[in-house]
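# Working through the structure, step by step
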Amino acid sequence: MNKKQSILITGGAGFIGSNFIDFFLGKYKKTKIVNLDKLTYAGELSNLKEIENNKNYQFVKGDICDTSLVQSLFKTHNFSGVIHFAAESHVDNSIKNPDAFINTNVYGTFNLLNIAKAYWMEAPYIAKEGFEYNRFLHISTDEVYGTLEETGLFTENTPYAPNSPYSASKASSDFIVRSYYHTYGMNVVTTNCSNNYGPKQHDEKLIPTIIRKAIKGQDIPIYGDGKNIRDWLYVKDHCEGIDLAFQKGKAGETYNIGGKNERNNLYIAEQICEILDKIRPQTTQYSEQIKFVKDRPGHDFRYAIDASKIENELGWKAKESFETGILKTVEWYLNKYEEK
Ligand code: NAD
């Protein structure tokens, strides 16, 4: 990426988007980023305080479903790329209120793609002059593949079988992105990543909840028997994968991103409690606060990613193991929660 260009990032006030913007502005000094975010309950401008005065950064409060706003941003900034994070992302919320998931994740993705197509493409398979390399990167999840038993891994060829309104809305958006490649020849790439953790994640998610409840002396709630397995990836490793897919991925391809760090929820809670026992000792062990609660309906048992495609084709590799990443993560949340 040599010449000055502008990129639209959606949902950059959320967990992964804000980590990504920080990473990207640090790496590419000649690229301008416009961050379009609705600032739902999940968006937090303080996630961006380190870069809010960066001359290559601009924040726009708005909805990806707002056609005239997105069109006017394309006209003003002449974007050469879109990196699309914006989504409703919490499975529990999708069970109670799926509407917003369909609007943002499905319609919003369509709206962005359709405007990018109108702005970049002359006709199907013919890009406008100077727009040939413009790319739309869609960030998605491994949850689109459904659930695994004790063995097996999700590859890019695993059939989609989403089980929650969240994963169904993400699967739908992936299909729309795919169709814009096959029908219009648009330069799209999709990444499907496993569970992320690290700084700036919303308080509602598992790891921040465990840390917060632990240090407040409250019960640490764990769904069911705590045996559900996720493949945990430190958010900075995900950011590097997204960057590689954006810069070097092949148009029309999807890339699974995951760190080969399968851990069950009980292990995660116990690991965090052990770290806290060492760095914030109290009279009792933190693990005594772990309480099993009624399971989430339709709770997928296991997700695990085969990331060999992005590793072999793009040279990506996770740098953090769960045990190194979780230590940094606990320290970050202690700073956050103890400041309050
Ligand atoms: P998040 O919930 O922390 O952030 C989402 C951001 O999108 C928020 O800032 C919110 O204000 C914004 N947003 C929501 N609706 C919007 C709309 N209509 N218009 C504009 N902005 C809107 O989510 P996250 O965890 O950072 O996830 C980012 C992306 O990565 C999502 O697409 C998610 O599906 C995907 N993903 C997340 C994980 C994970 O573990 N967190 C794993 C794999 C994939």
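Keep in mind that what you see is a predicted model, and the values were worked out from it rather than measured.

Definitions and limits used
- Residues numbered from 1 in each chain as written.
- Predicted model: local features only at pLDDT ≥ 70, side-chain atom pairs only at ≥ 80, totals over all residues.
- Heavy atoms only, no water.
- Helix = DSSP H or I, 4+ residues; strand = E, 2+ residues; numbered from the N terminus.
- Rg over C-alpha atoms; globule rule 2.2 N^0.38 Å.
- Buried < 20%, exposed > 50% of the residue type's maximum accessible area, 1.4 Å probe, protein only.
- Contact = heavy atoms within 4.5 Å.
- Areas by Shrake-Rupley, 256 points an atom, 1.4 Å probe, with all protein chains shown as cover.
- Lys, Arg positive; Asp, Glu negative; His and termini not counted.
- Charge placed at Lys NZ, Arg CZ, Asp CG, Glu CD.
- 1 Å grid on protein atoms, 1.4 Å probe; cavity = no way out; pocket = protein on both sides within 12 Å on 5 of 7 lines; lining within 4 Å.
- Points joined across faces, edges and corners; volume = space filled by probe spheres on them.
- Nonpolar A, V, L, I, M, F, W, Y, C, P; charged D, E, K, R; others polar.
- Pairing = 2+ DSSP bridges.
- Axes fitted to C-alpha atoms, helices over the stretch in contact; angles between N-to-C directions.
- Salt bridge = Lys/Arg side-chain N within 4 Å of Asp/Glu carboxyl O.
- Near = heavy atom within 4 Å.
- Polar contact = N/O pair within 3.5 Å; in protein donor to acceptor, adjacent residues only side chain to side chain.
- Phe/Tyr/Trp six-rings, centres within 6.5 Å; stacked < 30°, edge-to-face > 60°.
- Lys NZ or Arg CZ within 6 Å of the ring centre and 35° of its normal.

Tallying secondary structure elements over the protein gives 10 helices and 15 strands in all. Since a compact globule built from 340 residues should have a radius of gyration of about 20 Å, the 20 Å found for the protein is in line with a globular shape. Its C-alpha atoms give the protein principal-axis dimensions of about 70 × 45 × 40 Å. Scored against the burial criterion, the 340 residues of the protein give a buried share of 54%. Summarising the internal contacts of the protein: among those between residues at least 6 apart in sequence, 81% fall at separations of at least 24. When the accessible surface of the protein is totalled, it reaches about 15000 Å², and 51% of it is carbon and sulfur. Across the protein, the centroid of the 41 positively charged side chains sits 5 Å from that of the 43 negatively charged ones.

Turning our attention to empty space enclosed by the protein. Scanning the entire structure with this criterion turns up one cavity of 30 Å³ or more. Approximately 60 Å³ is the volume attributed to the largest cavity. If you trace the largest cavity, you find it lined by Val91, Ile95, Glu143, Ser164, Arg230, Arg296, Pro297, Gly298, His299, Asp300 and Tyr303. The residue inventory of the lining of the largest cavity, partitioned by class, reads four nonpolar, three polar and four charged.

Another point: the sheet that holds strand E4 (residues 81–84). Taken in spatial order, the seven strands of this open sheet run E3-E2-E1-E4-E7-E8-E13, and their pairing is parallel. Across the chains shown, the open sheet's two edge strands, defined by having one partner strand only, are strand E3 (57–61) and strand E13 (254–257). On average, each strand axis in the sheet is tilted by 20° relative to the strand beside it, whichever way the strands run. Bridging between strand E7 (residues 135–141) and strand E8 (residues 188–193) involves six bridges; their strand directions are parallel. Directly across from serine 140, in E8, lies its bridge partner asparagine 192. In this fold helix H2 (residues 67–77) packs onto strand E1 (5–10), strand E2 (31–37), E3 and E4, with an angle of close to 170° to the strand it touches most, E2.

Moving on: the pattern of salt bridges. The final tally for this structure, using the stated rule, is 13 salt bridges. Glutamate 311 is the partner of lysine 260 in a salt bridge, and the nearest nitrogen-oxygen pair spans 3.2 Å. Placement of the pair is lysine 260 in the loop between E13 and strand E14 (262–264) and glutamate 311 in helix H9 (residues 308–314), with a sequence separation of 51 residues. The partner of glutamate 262 in a salt bridge is arginine 302, and the shortest N-O contact between them spans 2.7 Å.

Before going further, it helps to examine the site of the ligand. Among the 28 residues in the neighbourhood of the ligand, the closest are listed as Ile16, Asp37, Ser89, Tyr166 and Lys170. Separating an oxygen atom of the ligand from a side-chain N or O atom of aspartate 37 is a distance of 2.5 Å. Within the backbone of phenylalanine 85, a nitrogen or oxygen atom sits 2.9 Å from an oxygen atom of the ligand. In isolation the ligand exposes 830 Å². Once the protein is present, 97% of that is buried. Within the residue set of the shell around the ligand, elements represented by two or more residues are helix H1 (15–27), E7 and helix H5 (165–184). When residues in the shell around the ligand are grouped by element, the largest group, three residues, is from E7.

A few words now on the packing of aromatic side chains. To describe a pair of aromatic rings, you give the distance between the ring centres and the angle between the ring planes. By the definition in use, this model includes 21 aromatic pairs. Judged by centre distance (5.4 Å) and plane angle (35°), the ring pair of phenylalanine 20 and phenylalanine 24 falls under tilted. A residue pair is termed a helical-turn pair when its members lie 3 or 4 positions apart in one helix, as phenylalanine 20 and phenylalanine 24 do in helix H1 at four residues. Assessed through its relative accessible area of 0%, phenylalanine 24 is described here as buried. For the pair tyrosine 267 and phenylalanine 322, a centre-to-centre distance of 6.3 Å together with 55° between the ring planes defines the contact as tilted. Of this pair, tyrosine 267 sits in helix H8 (residues 265–279) while phenylalanine 322 sits in helix H10 (residues 322–339), and the two are 55 residues apart along the sequence. Look at tyrosine 267 and you get partly exposed, because its relative accessible area is 29%. What makes phenylalanine 322 buried here is its relative accessible area of 0%. Among the aromatic residues, those joined into a cluster by ring pairs are Phe20, Phe23, Phe24, Tyr28 and Phe85. The positively charged end of lysine 128 is found above the aromatic ring belonging to tyrosine 119, 5.8 Å away from the centroid.

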